[in-house]
Amino acid sequence: MKKRMLAWLRLMRLFPTLTWVGVTTFVGVSIAAKHSSWASLDYWAVFLVLNSGIVCHGLLAHSANDYVDWNTGTDRNSPGLFSGGSRVIPEGYLAFDSMWNGMGVASLLGLILMALLYLRIGSQALLGGAIAVFAALFYSLPPLMLAYHPVVAEWLAVVPALVACGWLANVSASGGQPLEAGDWLPMFITALVLVGHLMFHHLSDIEADLTATPPKFTTPAYFAALKWDPRYVPASYWLLVVALSIFTRMYVLGIACTIATAISLSVNLSHRRLLAQIDQVLLLGISVAIIIEILY
């Protein structure tokens, strides 16, 4: 039982999950605090949003992702260092079909959390939950399998889900107060920063993704298939953030993404173990930069 529980925790990939969900939630909450005060926020509602995000991203999305990617073969061929799924299926910790159990449990937990949040803030909880569930499931599952198509995965699943998480954290913390027009930009920029990390994350799995059936055309893999340099993909997202950071005077984040861009363009794609290590360091670095920027 203990080994099985640890396997499910491993499936959730807690470091990237907690980082992505935690940073995005923190941005939304911080924006709410700037309009009132930290003491006036509804932390119980924020707690529900945070846990909903962890369940949706960590258990629902990753169960669906591991199921589909094992079925298509990309996880079978992946080096499995920091990317390439949680490795619970190839290493025998969980059965292939048990991913459906993960999706079922995540759906039940998500419904309970969203019901509690609905009682707290109303219909905005349902809208945020619907966006998150759509992204978590159809990023991987048929018929859409958005992750298997370049560009659309980021813009139809990842960016909307991240912005929705920040927005839901904001309205939950503030007791349902609507956002001002300028409040959306920091949440959108945060989403772009994390999408840049996701694109970097895909770099070490390009060969495995292209040999999948059907091929998993992440945007970096699609660039590689066209004989373009896939390192330009994460660099492009981070350069966009640099441009936006100048406009919004978010200079700490701009500097962090400039460094991330330089690293992205200089990495050796054949050194996969080093690539995985850089992947983790970059995620930590850009997350700290986001937190510093939104606080100050």
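Note: the structure precedes this text.
What you see is a predicted model, and the numbers here were worked out from it, not measured in a lab. (Residues numbered from 1 in each chain as written. Predicted model: local features only at pLDDT ≥ 70, side-chain atom pairs only at ≥ 80, totals over all residues. Heavy atoms only, no water.)

Enquirer: What am I meant to see in the overall build of the protein chain here?
Expert: Counting its regular elements, the protein chain contains 13 helices and zero strands. The order of helices and strands in the protein chain, counted from the N terminus, is α-α-α-α-α-α-α-α-α-α-α-α-α. Against the globule reference of 19 Å for 296 residues, the protein chain gives a C-alpha radius of gyration of 19 Å, in line with a compact fold. Dimensions along the principal axes, computed over C-alpha positions, put the protein chain at roughly 50 × 45 × 35 Å. A total of 296 residues make up the protein chain; the buried ones form 55% of that total. By sequence separation, contacts in the protein chain at least 24 residues apart represent 75% of the contacts at least 6 residues apart. Per element, the accessible surface of the protein chain, about 13,300 Å² overall, is 69% carbon and sulfur. (Helix = DSSP H or I, 4+ residues; strand = E, 2+ residues; numbered from the N terminus. Rg over C-alpha atoms; globule rule 2.2 N^0.38 Å. Buried < 20%, exposed > 50% of the residue type's maximum accessible area, 1.4 Å probe, protein only. Contact = heavy atoms within 4.5 Å. Areas by Shrake-Rupley, 256 points an atom, 1.4 Å probe, with all protein chains shown as cover.)

Enquirer: I keep staring at the nonpolar core and nothing clicks. Help me out?
Expert: Generally speaking, a soluble globular protein has its nonpolar side chains buried in company with each other. Grouped together as the largest cluster of nonpolar side chains are 92 residues, with contacts concentrated most on Met99, Leu117, Val193 and Leu253. Among the elements that take part in this core, helix H3 (residues 43-72) stands out by supplying 14 residues, more than any other. Excluding residues within four positions of it along the chain, methionine 99 makes contact with Trp8, Leu11, Ser63, Asp66, Tyr67, Val88, Ile89 and Leu94. (Core = buried A, V, L, I, M, F, W, Y, C linked by side-chain atoms within 4.5 Å.)

Enquirer: Even after reading the chapter, I still don't get the packing of helix H2 (residues 14-35) against helix H13 (residues 272-295), so can you show me in this structure?
Expert: Pairs of packed helices are described in terms of their axes, by the angle between the two and the distance that separates them. Two elements in contact, H2 and H13, have axes whose closest approach is 10 Å; the angle formed by their N-to-C orientations is 10 degrees. Taken together, the axis directions place H2 and H13 in an arrangement best described as roughly parallel. From H2, Phe15, Pro16, Thr19, Trp20, Val23, Phe26, Val27, Ser30, Ile31 and Lys34 reach across to H13, where they touch Gln280, Leu283, Leu284, Ser287, Ile290, Ile291, Ile294 and Leu295. Its residues assigned to classes, the contact of H2 with H13 comprises 13 nonpolar, four polar and one charged. (Axes fitted to C-alpha atoms, helices over the stretch in contact; angles between N-to-C directions. Parallel < 35°, antiparallel > 145°, perpendicular 65-115°, else oblique. Nonpolar A, V, L, I, M, F, W, Y, C, P; charged D, E, K, R; others polar.)

Enquirer: Even after reading the chapter, I still don't get helix H1 (residues 2-11), so can you show me in this structure?
Expert: Spacing of three or four residues puts side chains on the same side of an α-helix, whose turn is 3.6 residues. Every buried residue belonging to H1 is among Ala7, Trp8 and Leu11, and all of these are buried. Projected down its long axis, H1 shows its buried positions confined to an angular sector of 95 degrees, all on one face. Packed against the buried residues of H1 are H3 and helix H5 (98-121). Within two residues after H1, arginine 13 carries a phi angle of roughly 45 degrees, on the positive side. (Arc of directions from axis to C-beta.)

Enquirer: Can you help me understand unusual backbone geometry in this one?
Expert: Leave glycine aside and you will find that most residues have negative phi; peptide bonds, for their part, are mostly trans. Here the amide bond leading from proline 142 into proline 143 is cis, since omega sits at 5 degrees, within 30 degrees of zero. Within the fold, proline 143 resides in the loop between helix H6 (124-138) and helix H7 (152-173). Located in the positive-phi region is arginine 13, a residue other than glycine, with phi close to 45 degrees. Following the sequence through the fold, arginine 13 ends up in the loop between H1 and H2.

Enquirer: Explain a nonpolar patch on the surface to me, please; I cannot follow it from the model alone.
Expert: Together, Phe15, Trp38, Tyr43, Val252, Leu284, Val288, Ile291, Ile292, Leu295 and Tyr296 line one region of the surface with nonpolar side chains, adding up to about 950 Å² of accessible area. Within the fold, isoleucine 292 resides in helix H13. When its relative accessible area of 35% is taken as the criterion, isoleucine 292 is described as partly exposed. (Patch = residues over 30% accessible without salt bridge, like charges linked within 9 Å, V, L, I, M, F, W, Y side chains within 5 Å. Salt bridge = Lys/Arg side-chain N within 4 Å of Asp/Glu carboxyl O.)

Enquirer: Any chance you could explain the pattern of salt bridges here in plain terms?
Expert: When the charged atoms of two side chains with opposite charge come close together, those side chains can pair. Evaluation of the coordinates by the stated rule reveals six salt bridges. One salt bridge in this structure joins arginine 10 and glutamate 91, with 2.9 Å as the shortest N-O distance. Of the two residues, arginine 10 sits in helix H1 while glutamate 91 sits in the loop between helix H4 (74-77) and H5, which places them 81 residues apart along the sequence. Under the relative-accessibility criterion, arginine 10 is labelled partly exposed at 31%. The salt bridge involving arginine 120 is made with aspartate 42; its shortest N-O contact spans 2.9 Å. Taken together, the residues arginine 120 in helix H5 and aspartate 42 in the loop between H2 and H3 connect sequence positions 78 residues apart.

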